[in-house]
Amino acid sequence: MEFNCSSPNTIPVVSTFASPFDNSAAANGSSRKPISLWPGMYHSPVTNALWEAKSQIFERLLDPPKDAPPQSELLTKTPSQSRTSILYNFSSDYILREQYRDPWNEVRIGKLLEDLDALAGTISVKHCSDDDSTTRPLLLVTASVDKIVLKKPISVDIDLKIVGSVIWVGRSSIEIQLEVIQSTKENSDVLDSVALTANFIFVARDSKTGKAAPVNRLSPETEHEKLLFDEAERRGSLRKRKRVDRREFENGEINRLEALLAEGRIFCDMPALADRDSILLRDTRLENALICQPQQRNIHGRIFGGFLMHRAFELAFSTAYAFAGLVPCFLEVDHVDFLRPVDVGDFLRLKSCVLYTELENPDQPLINVEVVAHVTRPELRTSEVSNTFYFTFTVRPEAKATKDGFKIRNVVPATEEEARRILERMDAEILTRGSQ
């Protein structure tokens, strides 16, 4: 399959190593400030390309009219009106390729997660825009991300395309679906070319009052668009059901808790007799911390959600690597809720652990890693959870073959709180797989 870069809705991505003080814009008669000098945006090849392509909309967001009224009348838009695609010319752009290459000649997943969030944000802005420069724009924030499953490895030597559009809207929420597509000459089938699908949910707030604000309506046109709309409705119902099931769990499951804690107690009380093929959950932990910098903020002055996903992925990957002793292979990231915003200057602590392993299939053992992001305020002596991420990794068969006697260990909890977290995750996975 060949990607068509001439389509008006396809935005080519180029490397970001060009000088921000390049005079080419002035030579073309443009007096607009270069994108790389605009404040309040997280810079990557994709964010630069998206902002350049839709600069008129985003300049209005950066400098909204003072005391402007809200949008007075909701519009009805189709999915095609928000559909946007971005093209990575990896095969011909060496510098771009090097910006995305990981040590194993594949695309860096954490960087790709950043780009997915950036594109989803652009699409949500396009849908909510009323094309009226006299009204104040909405504040759109990432509320959650549904499970993302990697269907096949993504090579950094082959051109890559991300296509997305709005597939569902509620009163003040929007769901955007993105597909990452990479084709080869041997495999040009569209369905087989989809490397992953991601669904982002954004919520709209009035930029002045901060209250929930209504968004433009959506009118699906094709049968496929109507199918996606119905599927999004069902996912919303499933999320509500999961919340109910979690409350029901808190009233029972004592026997399962005791079974999980039994081996952990042996580790704590009689370590010499503990199972050598097991390890305490607390012994798999890793942690890092950072101060959120202005360069990582979005146009609303908050920390870019894709940046948080990137940092969480890097820590989860390192945790799985240290645990398995071999290079892990990413499989999926589960549903993510953005519980509270992260601001510039916040002290962010990321804590990870291997929550549990699934060893039923020896050819593909599963390593489930939890990453919890805490916003810590030393002055106030407070620490709040902003996000919890759940990543699943495995180990490549060819990597296992290089290590004699390789074996993934079982993870056991030492406290009731750890056991509850494990059971909640296991039950959530059962619910999700049962609905697919």
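Presented here is a report on the structure given in the accompanying data block. What you are looking at is a predicted structure, and each value in this text was computed from that prediction instead of being measured.

1. What to know about helix α9 (residues 254–269)
Each full turn of the α-helix corresponds to 3.6 residues, which orients residues three or four apart in the same direction.
Then step 1. When the terminal C-alpha atoms of α9 are compared, their 21 Å separation across 16 residues agrees well with the 22 Å that a helix rising 1.5 Å per residue should span.
Then step 2. Maximal helix bending in α9 amounts to about 30 degrees, located at Ala262.
Then step 3. Here α9 has its buried residues at Leu257, Leu260, Leu261, Gly264 and Phe267.

2. Observations regarding helix α6 (residues 109–128)
Then step 1. Over its 20 residues, α6 extends 29 Å from the first C-alpha to the last, a length consistent with the 28 Å expected when each residue adds 1.5 Å.
Then step 2. Judged by how many residues are buried, α6 sits mostly within the fold: 20 of 20 residues are covered.

3. Things to note about empty space enclosed by the protein
Then step 1. Under the counting rule described, the total for this entry stands at one cavity of 30 Å³ or more.
Then step 2. Quantified by volume, the largest cavity comes out at close to 70 Å³.
Then step 3. Glu332, Asp334, Leu355, Tyr356, Asn368, Val369, Tyr390, Phe391, Thr392, Arg425 and Glu429 together form the lining of the largest cavity.
Then step 4. Here the lining of the largest cavity gets three residues from one element, more than from any other, and that element is strand β16 (residues 382–395).
Then step 5. The residue makeup of the lining of the largest cavity, split by class, is five nonpolar, two polar and four charged.

4. Notes on the pairing of strand β8 (residues 194–206)
Then step 1. Of all 13 residues making up β8, twelve are buried, and the element is well covered by its neighbours.
Then step 2. Where strand β5 (residues 148–150) and β8 come together, two bridges link them in antiparallel fashion. Paired with Leu150 across the two strands is Leu196, which belongs to β8.
Then step 3. Sheet topology places strand β7 (residues 173–181) next to β8; nine bridges connect them, and they run antiparallel. Note on β8: the bridge partner recorded for Gln177 is Asn199.

The rules behind the values
Residues numbered from 1 in each chain as written. Predicted model: local features only at pLDDT ≥ 70, side-chain atom pairs only at ≥ 80, totals over all residues. Heavy atoms only, no water. Helix = DSSP H or I, 4+ residues; strand = E, 2+ residues; numbered from the N terminus. Expected span 1.5 Å × (residues − 1). Bend = angle between axes of the 7 residues up to and from the residue. Buried < 20%, exposed > 50% of the residue type's maximum accessible area, 1.4 Å probe, protein only. 1 Å grid on protein atoms, 1.4 Å probe; cavity = no way out; pocket = protein on both sides within 12 Å on 5 of 7 lines; lining within 4 Å. Points joined across faces, edges and corners; volume = space filled by probe spheres on them. Nonpolar A, V, L, I, M, F, W, Y, C, P; charged D, E, K, R; others polar. Pairing = 2+ DSSP bridges.

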